[in-house]
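Architecture and fold: a report
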Amino acid sequence: MRIYSLAVYLFLYIPIGIIALFSFSAGRNASEFTGFSVKWYGAALSNPFVIDALKTSFSVALSSAILAAVFGTMAALALQGMSGRIKVAFDALIYIAVMIPGIVIGISTLIAIVTVFGWLNPVLTAIWPGGGPAPQLSMGLGTLIAAHSLFNMALVIIIVRARISGMDRSFTEASADLYATPFGTFRQITLPLILPGILAGFLLSFTFSFDDFIIAFFVAGSNTTLPIYVFSSIRRGVTPEINAIGTMVLALSLILLVTAQAFLQRGRKT
Amino acid sequence: MTPKLINRLLLAPAGVWFTTMLVLPLIVVLVFSFGERGQSGGYVPAFTFDHYLNLPARWKAFQNTLTLAPIGTVIVLLIAYPLAYYLALIVSPKWRTLLLILVIVPFWTSILIRSYAWIFILGGRGIPAVLDMLGLEGIRLINTPFAVLVGIVYGYLPLMVFPIFVSLERLDKRLLEASADLGSPPWRSFLQITLPMSLPGVATGCMLVFILLMGEFLIPAMLGGGKVFFVGNALVDLFLQSRNWPFGAAVAVALVVVMLITVTIYMRVIKHWGNGRDDVSLM
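Residues numbered from 1 in each chain as written. Chains lettered and ligands numbered in written order. Predicted model: local features only at pLDDT ≥ 70, side-chain atom pairs only at ≥ 80, totals over all residues.

**Quick word on the nonpolar core**
So the rule is basically this: Working definition: the nonpolar core is a set of buried Ala, Val, Leu, Ile, Met, Phe, Trp, Tyr and Cys residues, joined through C-beta atoms within 7 Å. Residues with at least 20 other C-beta atoms within 10 Å of their own are called buried, those with 12 or fewer are called exposed, and the rest are partly exposed. The C-beta atoms themselves are positioned from the backbone. Note on conventions: DSSP H or I runs of at least 4 residues are helices, E runs of at least 2 residues are strands, and numbering of each starts at the N terminus. In this description, any two residues whose backbone-derived C-beta atoms lie within 7 Å of each other are considered to be in contact.
Of all hydrophobic cores here, the largest spans 155 residues; its most connected members are A:Ala75, B:Ala84, B:Val161, B:Leu235 and B:Ala252. Ranked by residues supplied to this core, first place goes to helix 3 (residues 48–80) of chain A with 16 residues. Beyond its immediate sequence surroundings of up to four residues, B:Ala84 is in contact with B:Val161, B:Ile164, B:Phe165 and B:Leu168.

**Structural notes on helix 3 (residues 59–90) of chain B**
The condition is simple: Expected span of a helix: the number of residues minus one, times 1.5 Å. At every residue, the bend is computed as the angle between two fitted axes, covering the seven residues ending there and the seven beginning there respectively.
Over its 32 residues, helix 3 of chain B extends 46 Å from the first C-alpha to the last, a length consistent with the 46 Å expected when each residue adds 1.5 Å. Most pronounced at B:Ala80, the bend in helix 3 of chain B amounts to some 30°, and the proline B:Pro82 follows within four residues.

**A look at the interface of chain B and chain A**
For clarity, the threshold we go by: Asp, Glu, Lys and Arg are counted as charged, while Ala, Val, Leu, Ile, Met, Phe, Trp, Tyr, Cys and Pro are counted as nonpolar; the rest, among them Gly, fall into the polar class.
Contact with chain B, which involves 54 residues of that partner, is made by 56 residues of chain A. Elements represented by at least two residues in the side of chain B that touches chain A include exactly helix 1 (3–32), helix 3, helix 4 (93–104), helix 5 (111–122), helix 7 (145–169), helix 9 (186–214), helix 11 (231–241) and helix 12 (245–276) of chain B. Examining the composition of the side of chain B that touches chain A, we find that 16 residues originate from one element, helix 1 of chain B, more than from any other. Class assignment for the residues of the side of chain B that touches chain A results in 46 nonpolar, six polar and two charged.

**Quick notes on the confidence of the model for chain B**
Residues and elements named next belong to chain B. Filter applied, for reference: Scored from 0 to 100, pLDDT reflects the predictor's confidence in each residue.
Taken over all residues, the pLDDT of chain B has a mean of 86, while the share at 70 or more is 96%. Highest mean pLDDT in chain B belongs to helix 3 (94); lowest belongs to helix 13 (residues 278–281) (36). Overall, residues 276–283 carries pLDDT values under 50, and its contacts beyond four positions in sequence, including any with other chains, amount to three contacts. Here the complex is predicted with pTM 0.86, and the ipTM for its interfaces comes to 0.85.

Here it is as structure tokens:
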């Protein structure tokens with residue numbers, strides 16, 4: 001049993017380890033280890049395409065994680081005290097958002113946005129006052145952030161709701177008995193108690209958005225995120241530079257995950 | 001402001017988001033799937049079932065998905081169960097959390113990079129090169145169904161381990177002690193107590209893995225090299241290469257419908273089993 005489990009862990013971690021190992025190889029050839037070097041990290045970080053993709057991925061992940069954390073928490077708080085048709089509809093939507101394959105979300109968002117922008121752009125041109133061409137809506141960072149925020153919002157709602165339902169009601173009741181205003185109770189009791197959940201949701205959202213390939217592939221317009229860059233480079237062949245980028249991405253995800261896990265654990269203890 | 005009004009205001013942004021970014025796109029896809037293709041791609045309003053009747057043209061993709069997704073799910077289950085059992089019932093609690101985190105971590109790291117690792121290992125200079133040295137020449141691993149299955153197991157193992165672990169951990173260990181005290185050999189205790197009690201976890205894990213596999217694109221794209229393709233790969237091709245949006249929309253709708261049907265049947269079967277086993281779960 002023990003040996004079996006060890007074998008499974010090796011299976012899970014050896015491929016990651018190989019990528020990390022070969023990212024430090026000095027040779028040009030990606031699959032032969034010839035001397036230790038960090039030069040491919042240097043090469044990756046001085047490649048303007050990589051830096052550009054990294055910036056895009058980072059700003060999209062940050063924006064969509066913030067939007068999801070704020071609006072998702074608001075929705076989770078509202079849903080807690082609700083019943084009836086709106087709640088049922090919302091539960092169904094959250095379920096659908098999580099369950100529908102990313103690829104279907106990607107293409108349906110693409111054609112919906114293209115269609116809606118196709119209607120709106122002539123309207124914009126018609127009502128645009130004064131000289132100069134009217135601004136036109138197009139696919140880009142905005143649409144990508146909006147699309148990622150959808151999944152992330154569902155994620156935050158699920159996590160925060162789990163925290164709220166695990167919360168001891170007597171705190172908020174005591175606070176109300178002691179004449180705290182509803183907002184005061186929220187700020188001093190509810191918020192501190194659900195904060196670990198919100199932060200964990202934020203970090204998982206960031207990780208999802210940062211690693212997502214398939215939705216971005218359809219919705220990012222002419223922008224290149226890091227996964228899109230990596231995917232198209234792999235199509236052109238395996239290079240040591242990809243190993244270095246991959247190792248950095250894995251390291252970043254690892255740090256975010258351990259932090260999210262720490263928040264969830266600490267939240268459980270208090 | 002009444003509490004009801006506050007609740008509505010709190011819910012409003014998420015409501016707008018779900019409506020514009022989820023409900024609207026899904027409706028648009030449905031509408032497009034009945035439309036006609038424009039001269040240079042795109043969409044012309046119409047009402048036709050042509051695209052649905054034309055679905056057999058992509059039969060191979062559906063066939064691959066509907067064979068490799070169940071096979072993959074079963075292999076993942078067979079590998080994950082012993083690990084979940086070990087984590088829930090054997091390992092000392094001191095190590096349990098750490099080992100559990102080590103299983104979950106890969107799931108949240110980039111599947112793109114993780115599949116890429118297998119291109120590396122299964123590609124010409126990886127395992128085949130080693131086999132070459134051992135005298136087994138000319139074995140191809142990459143771009144085969146085997147490679148795709150390896151990628152699937154690698155990608156989805158964590159998702160299966162977790163629900164099984166949770167259901168095994170909840171198991172009342174006194175049941176196993178009682179069973180042993182009454183002279184039951186370990187394999188019998190396992191078959192009559194542990195396995196039935198863990199079935200809800202198995203069912204959840206299988207469903208999660210199966211649903212995600214149905215919509216998979218990256219693993220076949222990276223490890224199947226265009227030879228082993230899923231519905232997801234056919235969709236990308238239809239939307240970005242041949243720009244046949246209405247047909248692509250019909251394929252997407254068909255995929256979701258097939259998913260819903262399989263999940264519904266699966267839930268029925270599980271429920272049926274569950275009812276038959278009431279005596280066991282009440283023990």
